Number of protein chains: 2
Amino acid sequence: MTLQLKRRTIVALVMLLTVSVGGVTRAQDPLPSWNDGPAKQAIVQFVRDTTDKSSPKFVPPEERIATFDQDGTLWVEHPMYTQVMYCLERVPAVVAAKPELKHVEPFKTVMSGNREAMARLSMKDLETILMATLSGMSVEDFNAEVKKWIETAKDHRWKRPYTELTYKPMQEVLQYLRASGYKTYIVTGGGQDFVRAYAERTYGIPPEQVVGTAGGTKYGYDKNGRPFLTKEPKLLLNDNNAGKPEGIHLMIGRRPRAAFGNTAGDQQMLEYTAAGDGARLMMLVLHDDANREYAYGPANGLPDSKVGTFSQALYDEAKNKGWTVISMKNDWKRVFPFDP
Amino acid sequence: MTLQLKRRTIVALVMLLTVSVGGVTRAQDPLPSWNDGPAKQAIVQFVRDTTDKSSPKFVPPEERIATFDQDGTLWVEHPMYTQVMYCLERVPAVVAAKPELKHVEPFKTVMSGNREAMARLSMKDLETILMATLSGMSVEDFNAEVKKWIETAKDHRWKRPYTELTYKPMQEVLQYLRASGYKTYIVTGGGQDFVRAYAERTYGIPPEQVVGTAGGTKYGYDKNGRPFLTKEPKLLLNDNNAGKPEGIHLMIGRRPRAAFGNTAGDQQMLEYTAAGDGARLMMLVLHDDANREYAYGPANGLPDSKVGTFSQALYDEAKNKGWTVISMKNDWKRVFPFDP
């Protein structure tokens, strides 16, 4: 009886103190890299509405799901997706293992090192290279290769590792949502296994919260009877466009409360998020900052950029439906973590 | 400065008090429905080894993944899988919507209500029924149908809802592992969307932690332009046998530290779990209690039971590899939550 009373008192004390600490924390600006404006305001308002128990828009913790596109939303996608760079740089290793490929296109062009010729490779050529470099090995070997590459490979413009080219303001959104009880997911058109290899260290997002384009694997045994999984050249989920809500249903099984994207490939994910009841947050990153990052899509008057496909139509849909467009130029105080 | 000091003091106090409360809790038996014996001992030892920071077998919290088969491991699978009961009982609604099916097999047999004839339906007949009752509707409609059914449908032997026929000792293992920082997953041969409809309420396992046999969905718009997903009769993942580790890689992306199963369909999941480094826990539920539940598989000398396929070969593999076999009869003080 005494023990029970004691425990109750302790629990009450802990709760009281936790609330106090929470109060102190809440007073700090959770989004210091954002300029005051409608975009920052929309995020803060959404978090307040959905986490305040007295709000009519309160969302129970278990339903707090937020999904983020990666390329162009969390980090740089210009002038080429990081994963495509990985695949191109893996070609020499693939050719070393299968020398007969040296004289076969598109491997021949990649081996030539001629950047202009490589830039002219067709989508079909790229697919051949992706299949050759992303399948045929064990999931452990692939994971180790990507981890090794991502630690040393550098972007050509900034001469920094790709993982340093994440957007600081978006990292703050990830942290702010997590601190507010949201599970943050990456929902990417990129390869699920590729992104999983660095997502935890780079974004604080564990492998099980990365949804991406996924191939099948095949279970088998090595010569010592030890089981392992081999990556197969068989597409299970093309996590782009309609594939994003389909992938979200497959992998999460709940409709997101908040979704962040930047191109037409994210349209359906945002529509699907918006179609739910209660508070919802839909945001699009507009690349309108040629100086600090890039300007493409609607920002420079082109209907579609070379890599991103943030078409004018999606921009108009966002405006019509009241989704929030984030202007990199106006809404972000700094772009990268290394910016002053 | 004063504020900082204050916050530090508060944080220290909170930690101190939390540890005290944790200490009180830890003194209680986390597995009260288990008899003392090698099975209970194996679970407790595994948790101690992997959560004690000073242990050489310590596992960082983010790597604590435990996977559980459902049918026959977490709840009764005899004499027929609950999901098959659902599909059979949905046939009248399907026939009402498409009256032409009334005279077509296997629907005709199911509509006859003749239990003996139904028991003789072939696997192919059952597949036809599964496809007709598990696809063609929106994911929301399906979820609502399952939720409605599972609240009222009853098992024939105990005359209780299926969700009351979960094994109390296994519910304790789920809770104990979660309290020890493990993420608990269901990895089932059953339908992913079916199990997701009740897993949170029944096991405390959220939809995103249910891996199961999964079909594709198709994104589209209703007449008001509202997007929705339709369940398609297209198999994406057959989450049985080799499909279990393949599904674990697809949906979780980490090798489990602990895995629980009961039939040959779980063999590869247990092998895959065992093949990792460090502390691993592999357990098989043996159905040897005809009195309180059922006896089938190796327990009654049959090579395979009608529903389960816990073959003698798997039982032998478990013995050889040091996996722990849980004897329902000897290891469990009570089987169901309603047992005295």
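Residues numbered from 1 in each chain as written. Chains lettered and ligands numbered in written order. Predicted model: local features only at pLDDT ≥ 70, side-chain atom pairs only at ≥ 80, totals over all residues.

1. Some details on the overall build of chain A
Here's step 1: A count of helices and strands for chain A gives 13 helices and seven strands.
Here's step 2: Considering chain A as a whole, with its 340 residues, one finds that 41% of them fall into the buried category.
Here's step 3: In chain A, 63% of the contacts between residues at least 6 apart in sequence involve partners at least 24 apart. (Helix = DSSP H or I, 4+ residues; strand = E, 2+ residues; numbered from the N terminus. Buried ≥ 20, exposed ≤ 12 C-beta atoms within 10 Å, placed from the backbone. Contact = placed C-beta atoms within 7 Å.)

2. Description of the sheet that holds strand E5 (residues 258-261) of chain A
Residues and elements named next belong to chain A.
Here's step 1: Here seven strands make up an open sheet; going across it, the order is E4-E3-E2-E1-E5-E6-E7 and the pairing mixed. The strands lining the two open edges of the sheet, one partner per strand, are strand E4 (227-237) and strand E7 (324-327). Adjacent strand axes in the sheet meet at a mean angle of 35°, parallel and antiparallel pairs treated alike.
Here's step 2: Packing against the sheet, helix H11 (residues 267-274) makes contact with strand E1 (65-68), strand E2 (183-191), E5 and strand E6 (281-286), and its axis sits at approximately 160° to E5. (Pairing = 2+ DSSP bridges. Axes fitted to C-alpha atoms, helices over the stretch in contact; angles between N-to-C directions.)

3. Things to note about the domain arrangement of chain A
All names here are of chain A.
Here's step 1: Domain parsing of chain A yields domain 1 (34-80 + 159-331) and domain 2 (82-152).
Here's step 2: Contributions of two or more residues to the side of domain 1 that touches domain 2 are made by E2, helix H9 (192-203), strand E3 (210-221) and E4.
Here's step 3: Considering every element that reaches the side of domain 1 that touches domain 2, the biggest residue donor is E4, with six residues.
Here's step 4: Here the residues of the side of domain 1 that touches domain 2 are counted per class, giving nine nonpolar, six polar and three charged. (Domains from an automatic or database assignment. Nonpolar A, V, L, I, M, F, W, Y, C, P; charged D, E, K, R; others polar.)

4. A short note on helix H10 (residues 243-251) of chain A
All names here are of chain A.
Here's step 1: Taken across its nine residues, H10 has nine buried, putting it largely inside the fold.
Here's step 2: All of the buried residues along H10 are Gly243, Lys244, Pro245, Glu246, Gly247, Ile248, His249, Leu250 and Met251.
Here's step 3: Of the residues flanking the end of H10, it is glycine 253, one or two places downstream, whose phi is positive at about 80°.

5. Brief notes about the pairing of E6 of chain A
Residue and element names in this part refer to chain A.
Here's step 1: The buried count for E6 comes to six of six residues, which makes it a mostly enclosed element.
Here's step 2: What you see with E6 is no split at all: Leu281, Met283 and Val285 on one side and Met282, Leu284 and Leu286 on the other are buried throughout.
Here's step 3: Where E5 meets E6, four bridges bridge the pair, whose relative direction is parallel. Residue glycine 261 lies in a different strand from E6, and its bridge partner there is leucine 284.
Here's step 4: Following the backbone out of E5, through H11 and into the adjacent parallel E6, one traces a crossover that is right-handed. (Right-handed = clockwise from strand over helix to strand, strands pointing away.)

6. Quick word on the sheet that holds strand E2 (residues 183-191) of chain B
All names here are of chain B.
Here's step 1: Pairing is mixed across the open sheet formed by seven strands, whose spatial order is E4-E3-E2-E1-E5-E6-E7. A single partner strand is all that each edge strand has here, and the edge strands are strand E4 (227-237) and strand E7 (324-327). Put simply, the sheet's adjacent strands are angled 35° from each other on average, direction ignored.
Here's step 2: Across four bridges, strand E1 (residues 65-68) lies against E2 in parallel orientation. Bridging from a neighbouring strand, threonine 67 pairs with tyrosine 185 of E2.
Here's step 3: Across the face of the sheet, helix H11 (residues 267-274) comes into contact with E1, E2, strand E5 (258-261) and strand E6 (281-286) while running at roughly 160° to E5.

7. Observations regarding the packing of helix H3 (residues 82-97) of chain A against helix H6 (residues 123-134) of chain A
Residue and element names in this part refer to chain A.
Here's step 1: The contact between H3 and H6 brings their axes to 9 Å, and the two run at 65°. Compared by their axis directions, H3 and H6 come out roughly perpendicular. Pair H3 / H6 crosses with left-handed handedness. Of the residues in H6, those in contact with Val84, Cys87, Leu88, Arg90, Val91 and Val94 of H3 are Leu126, Ile129, Leu130, Ala132, Thr133 and Leu134.
Here's step 2: Split by residue class, the contact of H3 with H6 holds ten nonpolar, one polar and one charged. (Parallel < 35°, antiparallel > 145°, perpendicular 65-115°, else oblique. Left-handed = near helix turned anticlockwise from the far one by under 90°.)

8. Quick look at the nonpolar core
What tends to happen in soluble globular proteins is that the nonpolar side chains get buried as a cluster.
Here's step 1: Grouped together as the largest cluster of nonpolar side chains are 140 residues, with contacts concentrated most on Ile186 of chain A together with Ile186 of chain B.
Here's step 2: Ignoring anything within four residues of it in the chain, the contact list for isoleucine 186 of chain B reads Phe68, Gln70, Val195, Ala199, Tyr203, Ile205, Gln209, Val210 and Val211 of chain B. (Core = buried A, V, L, I, M, F, W, Y, C linked by C-beta atoms within 7 Å.)

9. Digging into the environment of leucine 134 of chain B
Residues and elements named next belong to chain B.
Here's step 1: With respect to the helices and strands, leucine 134 occurs in helix H6 (residues 123-134).
Here's step 2: In this structure the C-alpha to C-alpha distance between leucine 134 and lysine 98, which are 36 residues apart in sequence, comes to 15 Å.
Here's step 3: Among all residues touching leucine 134, those that are not within four sequence positions of it are Cys87, Gly191 and Lys231.

10. Describing the pairing of strand E3 (residues 210-221) of chain B
Residues and elements named next belong to chain B.
Here's step 1: The pairing of E2 with E3 spans four bridges and is parallel. Residue pairing for E3: threonine 188 is matched across the bridge by glycine 212.
Here's step 2: With seven bridges connecting them, E3 and E4 associate as antiparallel partners. The residue bridging glycine 220 from the neighbouring strand is phenylalanine 228, located in E4.
Here's step 3: Taken together, E3 and the strand that follows it, E4, pair antiparallel across an intervening segment of five residues, in which glycine 225 is found at a positive phi of about 80°.

11. Focus: H6 of chain A
Residue and element names in this part refer to chain A.
Here's step 1: Over its twelve residues, H6 extends 16 Å from the first C-alpha to the last, a length consistent with the 16 Å expected when each residue adds 1.5 Å.
Here's step 2: Within the sequence span of H6, burial applies to Ile129, Leu130, Ala132, Thr133 and Leu134.
Here's step 3: At its buried positions, H6 is contacted by H3, helix H4 (107-112), E2 and E4.
Here's step 4: Following H6 by one or two positions, glycine 136 adopts a phi angle in the positive range, close to 100°. (Expected span 1.5 Å × (residues − 1).)

12. Some details on the environment of alanine 39 of chain B
Residues and elements named next belong to chain B.
Here's step 1: Mapped onto the fold, alanine 39 is located in helix H2 (residues 38-51).
Here's step 2: With 23 C-beta atoms counted inside 10 Å, the residue alanine 39 sits in the buried group.
Here's step 3: Alanine 39 sits 290 residues away from lysine 329 along the chain, and the two C-alpha atoms are 12 Å apart.
Here's step 4: Setting aside residues no more than four positions away along its own chain, alanine 39 makes contact with Thr324, Ile326 and Asp331.

13. Some remarks on the environment of leucine 130 of chain A
Here's step 1: With respect to the helices and strands, the residue leucine 130 of chain A is situated in helix H6.
Here's step 2: The spacing of leucine 130 of chain A and alanine 214 of chain A is 84 residues in sequence and 12 Å in space, taken between C-alpha atoms.

14. Observations regarding the confidence of the model for chain A
Residue and element names in this part refer to chain A.
Here's step 1: In this model, chain A carries a mean pLDDT of 90, and residues with pLDDT of at least 70 account for 88%.
Here's step 2: Segment residues 1-26: pLDDT under 50, and 21 contacts once partners within four positions in sequence are set aside and those in other chains are kept.
Here's step 3: A low-confidence stretch, residues 303-307 stays under pLDDT 50, and its non-local contacts, those more than four residues away or across chains, total twelve contacts.
Here's step 4: We note a pTM of 0.90 for the whole complex and an ipTM of 0.90 for its interfaces. (pLDDT = per-residue confidence, 0-100.)

15. So, unusual backbone geometry
Here's step 1: Here the residue pair glutamate 105 of chain A and proline 106 of chain A is connected by a cis peptide bond, since its omega of 0° sits within 30 degrees of zero.
Here's step 2: Residue placement: proline 106 of chain A occurs in the loop between H3 and H4.
Here's step 3: Backbone geometry places lysine 159 of chain B, a non-glycine residue, at a positive phi of 55°.
Here's step 4: Residue position: lysine 159 of chain B is located in the loop between helix H7 (139-152) and helix H8 (168-179).
Here's step 5: Overall, the presence of 7 C-beta atoms within 10 Å leaves lysine 159 of chain B in the exposed class.
Here's step 6: A positive phi angle, near 55°, is found at asparagine 241 of chain B, a position not held by glycine.
Here's step 7: Mapped onto the secondary structure, asparagine 241 of chain B falls in the loop between E4 and helix H10 (243-251).
Here's step 8: Using a count of 18 C-beta atoms within 10 Å as the deciding quantity, one classes asparagine 241 of chain B as partly exposed.

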